[in-house]
Amino acid sequence: MVTAIGPTPGQDTDPGRQHGWRRALDREDLHRYLTTLEGWREFTTQDPAPPDLLTANQVADLDDDERLDYDDDRLDYHTRLTVAATSTLRTVVHAGRRLTLLNRHAISARRGLILSGAAGTGKTTALTQFGKTIEVIDRRQHPGADRIPVVYVTVPPAATSRMLAVEFARFLGLHVTTRANITDVIEAVCGVLIDARVSVVCVDELHNLSLATRNGAEVSDTLKYFSERIPATFVYAGVDLEANGMFNGTRGRQIAGRFAVIDTVPFPRTQEWTGLVSTFEEALRLHHHRPKSLEGLANYLHQRTGGMIGSLSHLIRGAAIDAILDGTEKITRQSMERIRLDRAAQTRKAKPAS
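None of the values given here were measured: they were computed from a predicted structure.

Visitor: Which parts of the structure should I look at to understand the sheet that holds strand 3 (residues 150-154)?
Guide: Two modes of strand pairing occur in sheets, parallel and antiparallel, and in both the strands are linked by backbone hydrogen bonds. A sheet is described by the order of its strands in space; here five strands give the open sequence 3-5-6-2-7, paired in parallel fashion. Both outer strands of the open sheet, strand 3 and strand 7 (259-264), are each paired with one neighbouring strand and no more. The mean inter-strand angle of the sheet, taken between neighbouring strand axes irrespective of direction, is 15°. Here strand 5 (residues 200-204) runs beside strand 6 (residues 233-239); their pairing, made up of four bridges, is parallel. Paired with Val-200 across the bridge in strand 6 is Thr-233. The sheet strands contacting helix 11 (residues 249-258) are strand 2 (112-117) and strand 7, and the helix crosses strand 7 at an angle near 85°.

This is the structure we're talking about:
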């Protein structure tokens, strides 16, 4: 059920405005967005099993429609290939859980966590996996309870304080009428989240906030107000936040005084990198891929991606999809050469190993 925030029904009765953006999306569409409660819950509850890899004889016995369905299942699986448990991810989950416990009985001045680093270094993955961990723990401790333990929102480009407040409302399914003022929105959001026993608030894309601008300063103040009203641990993520002035000035010093920072960086060419490559490789569902061949290309993959975990994931997933589409059913160095990577990975390309 969508609750409207704004004037009384007699003042705003247009059905199109009452339902707003959600009328444009059916229920299935809502599940695609982590920034909606439906999408977030699907992300935290679903852990689909890898598709079975049929034998050559079983594949030969499939008719055309069955073969298309079989390949489609594998294509879909490779688009969302396994999340690698990196050292950064483990650090974030551990530090975040520690903070939620330390903040459990705090009345004010709750501490938070910031993930900052270059694009493609795994910030959003670590943030969402931490949120998922908290959600799973809460569900196990309070089965069947009507709770919202975790909120996940992003800071819109050129955000205003009202835009940010509306992002929180949108996650919760609270429709905001055009006449609703920011106080109405904030009060509604805080009321719902306090009643729903929220314990973690994840705010992504924080680099869209600039403390040097009036709007950015107001957004920062709004986040601070939310953190004071809502008894939760706030975890932020953004690109190169310190270099972008996040800790400058009075507001920046306040943030620096209350938030620990975990820097996400490209992975060096160590055994951990080989392990990450192996994790992706073991998850593949291809008929002719030679085991450990990607592990043997760990140096090449590091040089190609500059140690960026996001670029590594894109490269292997893209090559797997090509292998199914072109029928080769294997990943080779030659097939990966055809995958275009992001500009950041190319410009940060590691030097060849000596």
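Visitor: Before we go on, may I ask you to explain unusual backbone geometry in this structure?
Guide: We note that Glu-205 has phi near 60°; this positive angle belongs to a residue other than glycine. Within the fold, Glu-205 resides in the loop between strand 5 and helix 10 (214-229). Residue classification places Glu-205 among the partly exposed residues on the basis of a relative accessible area of 28%. You will see that Asp-240, though not glycine, has its phi angle at about 45°, which is positive.

Visitor: So what exactly am I meant to see when it comes to the nonpolar core here?
Guide: Generally speaking, soluble globular proteins have nonpolar side chains that are buried together. Membership of the largest hydrophobic core comes to 59 residues, with the highest contact counts inside it found for Phe-168, Phe-171, Val-189, Val-203, Leu-206 and Phe-226. Filtering out sequence-adjacent residues up to four positions away, Val-189 remains in contact with Ala-165, Phe-168, Ala-169, Leu-172, Leu-174 and Phe-226. Membership of the second largest hydrophobic core comes to 29 residues, among which are Leu-276, Leu-315, Ala-320 and Ala-323.

Visitor: Help me understand the environment of Glu-228 in this model?
Guide: One can find Glu-228 in helix 10. Expressed as a C-alpha distance, the spacing of Glu-228 and Ile-107, which sit 121 residues apart in the sequence, is 8.7 Å. Contacts of Glu-228, omitting those with residues within four sequence positions, involve Arg-110 and Arg-258. There is a polar contact of 2.5 Å between the side chain of Glu-228 and the side chain of Lys-224.

Visitor: Honestly, the packing of helix 10 against helix 11 in this entry has me stumped. Any pointers?
Guide: When two helices pack together, their arrangement is given by the angle between their axes and by how far apart the axes lie. Running from N to C, helix 10 and helix 11 point in directions that differ by 35°, and their axes come no closer than 11 Å. The handedness of the crossing between helix 10 and helix 11 comes out as left-handed. Listed contacts from helix 11 to Ala-217, Ser-220, Asp-221, Lys-224, Ser-227 and Glu-228 of helix 10 are Arg-251, Gln-254, Ile-255 and Arg-258. Taken together, the residues of the contact of helix 10 with helix 11 sort by class into two nonpolar, three polar and five charged.

Visitor: Explain empty space enclosed by the protein here, please?
Guide: Unoccupied space between atoms shows up once a probe the size of one water molecule is rolled over them. Within the structure shown, the criterion is met by two cavities of 30 Å³ or more. Taken as a whole, the largest cavity holds about 170 Å³ of empty space. In terms of lining residues, the largest cavity is bounded by 14 residues, among which Ser-220, Lys-224, Tyr-236, Ile-255 and Phe-259 are the most central. Of all the elements in the fold, those that place two or more residues in the lining of the largest cavity are helix 10 and helix 11. At five residues, the largest contribution of residues to the lining of the largest cavity is made by helix 10. Taken together, the residues of the lining of the largest cavity break down into seven nonpolar, three polar and four charged. A volume near 50 Å³ is recorded for the second largest cavity. Taken together, Arg-110, Arg-111, Gly-112, Ser-227, Ala-232, Phe-234, Arg-258 and Phe-259 form the lining of the second largest cavity. Residues that form the lining of the second largest cavity fall into these classes: three nonpolar, two polar and three charged.

Each value, and the rule that gives it
Residues numbered from 1 in each chain as written. Predicted model: local features only at pLDDT ≥ 70, side-chain atom pairs only at ≥ 80, totals over all residues. Heavy atoms only, no water. Pairing = 2+ DSSP bridges. Helix = DSSP H or I, 4+ residues; strand = E, 2+ residues; numbered from the N terminus. Axes fitted to C-alpha atoms, helices over the stretch in contact; angles between N-to-C directions. Contact = heavy atoms within 4.5 Å. Buried < 20%, exposed > 50% of the residue type's maximum accessible area, 1.4 Å probe, protein only. Core = buried A, V, L, I, M, F, W, Y, C linked by side-chain atoms within 4.5 Å. Polar contact = N/O pair within 3.5 Å; in protein donor to acceptor, adjacent residues only side chain to side chain. Left-handed = near helix turned anticlockwise from the far one by under 90°. Nonpolar A, V, L, I, M, F, W, Y, C, P; charged D, E, K, R; others polar. 1 Å grid on protein atoms, 1.4 Å probe; cavity = no way out; pocket = protein on both sides within 12 Å on 5 of 7 lines; lining within 4 Å. Points joined across faces, edges and corners; volume = space filled by probe spheres on them.

Limitation: the analysis is restricted to geometry and does not speak to function.
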